[in-house]
Amino acid sequence: MITNTLRDLAIAAMEKSYSPYSTKKVGAVIELSNGSTFTGCNVENSSFGGTVCAERVAIWKAVSEMGPGIAVKTVVVATDASPPWVPCGICRQVINEFATKTCEIHLVNKVGDVKSFTHEQLLPHGFDRSALNR
Ligand code: THU
């Protein structure tokens, strides 16, 4: 479920963005099953390829602080865009690694738009560890 707290955390994270090349600020917050939250923003690089999206920064922070057992219940992504941006394909795949079965993804912006999906809607048939266990 998206709450005002999660929305505000994602918008605040967006303001921290390092995005001199695209000039597009992105913020994200993830809520874990244990109730803890981690934020991230996009961090760009002059090599372009070294750029990391806000969603992945939030997930890297959560794993590095909480360990490998994290379960992502909710993701909120904030941009200045209207309609708000969806997560890129790489981020959907990274979210897939840690998403709960019912993980929700909410897209927000500063003018109050909210678009909500399940992770399953945004990445049906995601690749996961079951393919490797043969
Ligand atoms: N970006 C994100 O942070 N998340 C996404 O899911 C899509 C793209 C960032 C990467 C780059 O800094 C900028 O948006 C333009 O692509």
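Residues numbered from 1 in each chain as written. Predicted model: local features only at pLDDT ≥ 70, side-chain atom pairs only at ≥ 80, totals over all residues. Heavy atoms only, no water.

Q: Give me the lowdown on the environment of Val-26, citing residues and values where you can.
A: One can find Val-26 in strand S1 (residues 26–32). Given a relative accessible area of 7%, Val-26 falls into the buried group. Here the alpha-carbon distance between Val-26 and Asn-109, two residues 83 residues apart in the chain, equals 9.7 Å. When residues no more than four places from it in sequence are discounted, the contact partners of Val-26 are Met-14, Ser-17, Gly-40, Cys-41, Asn-42, Ala-54, Val-77, Ala-78, Thr-79 and Trp-85. (Helix = DSSP H or I, 4+ residues; strand = E, 2+ residues; numbered from the N terminus. Buried < 20%, exposed > 50% of the residue type's maximum accessible area, 1.4 Å probe, protein only. Contact = heavy atoms within 4.5 Å.)

Q: Report on the side chain of Arg-92, specifying residues and quantitative values.
A: Tracing the backbone shows Arg-92 in helix H3 (residues 89–98). Polar side-chain contacts of Arg-92 include one of 2.9 Å to the backbone oxygen of Leu-122. Residue contacts for Arg-92: discarding those within four places in its chain leaves Val-86, Pro-87, His-119, Leu-122 and Leu-123. (Polar contact = N/O pair within 3.5 Å; in protein donor to acceptor, adjacent residues only side chain to side chain.)

Q: Give me the state of the cysteines: which residues, what numbers.
A: Per the counting criterion, the structure on display carries zero disulfides. Cys-53 takes part in no disulfide bond, and the closest cysteine sulfur, belonging to Cys-91, lies 3.8 Å away. In this structure Cys-53 comes out as partly exposed when scored by relative accessible area, which is 22%. With no disulfide partner, Cys-88 has as its closest neighbouring cysteine sulfur the one in Cys-91, 3.7 Å distant. (Disulfide = S-S within 2.5 Å.)

Q: Before we move on, could you go through the pairing of strand S4 (residues 99–109) and cite the residues and values that matter?
A: Where strand S3 (residues 72–79) meets S4, seven bridges bridge the pair, whose relative direction is parallel. Residue pairing for S4: Val-75 is matched across the bridge by Ile-105. Of the crossover connections in this fold, the one passing from S3 over H3 to the parallel S4 is right-handed. Pairing between S4 and strand S5 (residues 114–118): five bridges, direction antiparallel. Each residue of the ladder has a partner; that of Val-108, found in S5, is Val-114. The turn linking S4 back onto S5 is made up of four residues, and Gly-112 within it adopts a positive phi angle of 95 degrees. (Pairing = 2+ DSSP bridges. Right-handed = clockwise from strand over helix to strand, strands pointing away.)

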